[in-house]
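Analysis of the macromolecular model
These are the residues of each chain, in order.
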Amino acid sequence: MKIILTLIAAALFLLPSLASADAAGLSDPVKAWDNHWHMFLTIVTSLWAFVTLLVVYMSLKYRRKKGQGDGAYIHGNILLEIIWTAVPLIIIIFLGVQSWAVYREQTKVPKDAYEVNVEGFMWGWNVTYPEGIKTINEIRVPVGKPVKINLTSKDVLHAFYIPAFRIQEEAIPGRTTYVWFNPTQPGEFPAYCTEFCGSGHSLMLAKVIVMQKADFDAWEGKQKEGIALPPLEKGKKLVADLGCLGCHNITGEKTSAPTFKGIYRRDTVLADGRTVKADDAYIANHIKDPKTTTVNGYPKTMPPYNLSDEESRAVVEYLKTL
Ligand code: CUA
């Protein structure tokens, strides 16, 4: 009994010191969550060790020895019952309050945060920046400034997860949710979809590219120039930036995707047997929804691209010239 009381007193004495462990670093949610996790781990492991040691100790000390009869019949002990109700209750309330405190801090976005809109779709992420710049599956941000991501979905439920920044949030059609993080060093950090959203779920990979301020400004400047370009130039740039040339080529060679050379108004046989002319409407529609209009003899591997009408017209303008 004395041992138990001493251990309980020691545990209660330890609690306040553990509580201050996560007070540090709420400007850095990564640190706050890590501290929180370590605190949970410490408390839970200590409890487990305490109970296990007691079980081993008691079963050795009070085991039935040779020639012994039945033990005494003990009918309750009010003090003991109060202790083993109160102590776990205090610990659970403490952990609950701490979790709520970290969560509340995590939902408070710093005022000077850089805001980026991210929209999940089957299967990828559309990223729109304050200046109207757009990227797909790539979020570029400057180092040392908090970043707020406004999150939504175009079609079904997705969930956006960046392990390096310890953030995860649902992307819900018709609703905007948000997360924020504080990139403290340059680098590339993977982001995932963590909600099963169809056969392309595992393809929903993105990356957060944290850049030095000067590099970011240069990139931003270049992208802004792209927005102001005349249609033909803009189309050429889009085709290069979106990675179209990773599969399609402009030389006429036969590869895993139809060549862009001479594509405009070419007679095209589709996988479903229809023959169409690759005109403005077909190309615009194919960029948005490639699965239904795949060309015969080619795999259905092209992902959909969310271009504005103006952007797909620009792409067509460029394809006309090939
Ligand atoms: Cu989107 Cu899984």
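So, here is what we can say about the structure in this document. (Residues numbered from 1 in each chain as written. Predicted model: local features only at pLDDT ≥ 70, side-chain atom pairs only at ≥ 80, totals over all residues. Heavy atoms only, no water.)

1. Thoughts on the overall build of the protein
A count of helices and strands for the protein gives seven helices and 12 strands. Of the roughly 19000 Å² of accessible surface on the protein, 62% is carried by carbon and sulfur atoms. Between the mean site of the 35 positive side-chain charges and the mean site of the 32 negative ones, the protein shows a separation of 7 Å. (Helix = DSSP H or I, 4+ residues; strand = E, 2+ residues; numbered from the N terminus. Areas by Shrake-Rupley, 256 points an atom, 1.4 Å probe, with all protein chains shown as cover. Lys, Arg positive; Asp, Glu negative; His and termini not counted. Charge placed at Lys NZ, Arg CZ, Asp CG, Glu CD.)

2. Focus: the side chain of T259
Within the fold, T259 resides in the loop between α5 (231-241) and β11 (267-269). There is a polar contact of 3.1 Å between the side chain of T259 and the backbone nitrogen of G252. Residue contacts for T259: discarding those within four places in its chain leaves N249, I250, T251, G252, E253 and R266. (Polar contact = N/O pair within 3.5 Å; in protein donor to acceptor, adjacent residues only side chain to side chain. Contact = heavy atoms within 4.5 Å.)

3. Quick look at the packing of aromatic side chains
Where two aromatic rings form a pair, the distance of their centres and the angle of their planes describe that pair. Under the counting rule described, the total for this entry stands at six aromatic pairs. Taking the centre distance of 4.3 Å and the plane angle of 20 degrees together, the rings of F165 and F181 count as stacked. Of this pair, F165 sits in the loop between β6 (158-162) and β7 (167-171) while F181 sits in strand β8 (residues 177-181), and the two are 16 residues apart along the sequence. For the residue pair F165 and F181, the accessibility class agrees, reading buried in each case. A network of ring pairs unites the aromatic residues Y114, Y129, F216 and W219 as a single cluster. (Phe/Tyr/Trp six-rings, centres within 6.5 Å; stacked < 30°, edge-to-face > 60°. Buried < 20%, exposed > 50% of the residue type's maximum accessible area, 1.4 Å probe, protein only.)

4. Brief notes about the sheet that holds strand β9 (residues 187-193)
On the basis of which strands lie adjacent, the open sheet formed by five strands has the order β4-β10-β9-β6-β7 and mixed pairing. Lying at the two open borders of the sheet, with one neighbouring strand each, are β4 (138-142) and β7. Across this sheet, the average inter-strand angle for adjacent strands is 20 degrees, counted without regard to direction. Of the strands in this sheet, β4 and β10 (206-211) are in contact with helix α4 (residues 213-228), which crosses β4 at around 125 degrees. (Pairing = 2+ DSSP bridges. Axes fitted to C-alpha atoms, helices over the stretch in contact; angles between N-to-C directions.)

5. Digging into the environment of A113
As for its position among the elements, A113 is in the loop between α3 (78-106) and β1 (114-121). Judged by relative accessible area, which is 17%, A113 ranks as buried. The sequence separation of A113 and F181 amounts to 68 residues, and the corresponding C-alpha distance is 9.1 Å. Contact partners of A113, with chain neighbours within four places excluded, come to P146, V147 and K148.

6. Remarks on unusual backbone geometry
Going from M122 to W123, the amide bond is cis rather than trans, its omega being 5 degrees. Along the chain, W123 turns up in the loop between β1 and β2 (124-128). Although it is not a glycine, N137 adopts a positive phi angle of roughly 55 degrees. Inspection of the secondary structure assignment puts N137 in the loop between β3 (134-136) and β4. Look at R166: it is not a glycine, yet its phi comes out positive at around 55 degrees.

7. Some words on the nonpolar core
Residues W125, I139, I149, I162, F165 and V208 are the most contacted members of the largest nonpolar core, which totals 33 residues. Element by element, the count of residues in this core is highest for β10, at five residues. Contact partners of I162, with chain neighbours within four places excluded, come to I149, I167, F181, P190, A191 and V208. The next biggest cluster of nonpolar side chains, apart from the first, holds 18 residues, and it includes C244, V276, L307 and Y318. (Core = buried A, V, L, I, M, F, W, Y, C linked by side-chain atoms within 4.5 Å.)

8. Thoughts on the packing of helix α6 (residues 280-288) against helix α7 (residues 309-320)
As a packed pair, α6 and α7 sit with axes 10 Å apart at the nearest point and diverge in direction by 120 degrees. With respect to α7, the element α6 is oriented oblique. Of the two elements, α6 crosses α7, and the hand of that crossing is right-handed. Contact residues: α6 offers D280, I283, A284, I287 and K288, while α7 offers D309, S312, V315, V316, L319 and K320. Looking at the contact of α6 with α7 residue by residue, the classes come out as six nonpolar, one polar and four charged. (Parallel < 35°, antiparallel > 145°, perpendicular 65-115°, else oblique. Left-handed = near helix turned anticlockwise from the far one by under 90°. Nonpolar A, V, L, I, M, F, W, Y, C, P; charged D, E, K, R; others polar.)

9. Quick word on the pattern of salt bridges
Opposite charge on two side chains makes pairing possible when the charged atoms of those side chains draw close. As enumerated under the stated definition, the model contains nine salt bridges in all. Residues D34 and R166 are paired through a salt bridge, measuring 2.8 Å at the closest nitrogen-oxygen approach. Residue D34 is located in helix α2 (residues 29-61), and its partner R166 is located in the loop between β6 and β7; the two are separated by 132 residues in the primary sequence. Looking at D34, the relative accessible area reads 23%, which means it is partly exposed. The exposure class assigned to R166 is partly exposed, which follows from its relative accessible area of 37%. D217 is the salt-bridge partner of K213, the closest N and O atoms lying 3.0 Å from each other. In this pair, K213 and D217 are both assigned in helix α4, four residues apart and thus about one turn of the helix distant. Among the residues examined, K213 registers a relative accessible area of 47% and is labelled partly exposed. (Salt bridge = Lys/Arg side-chain N within 4 Å of Asp/Glu carboxyl O.)

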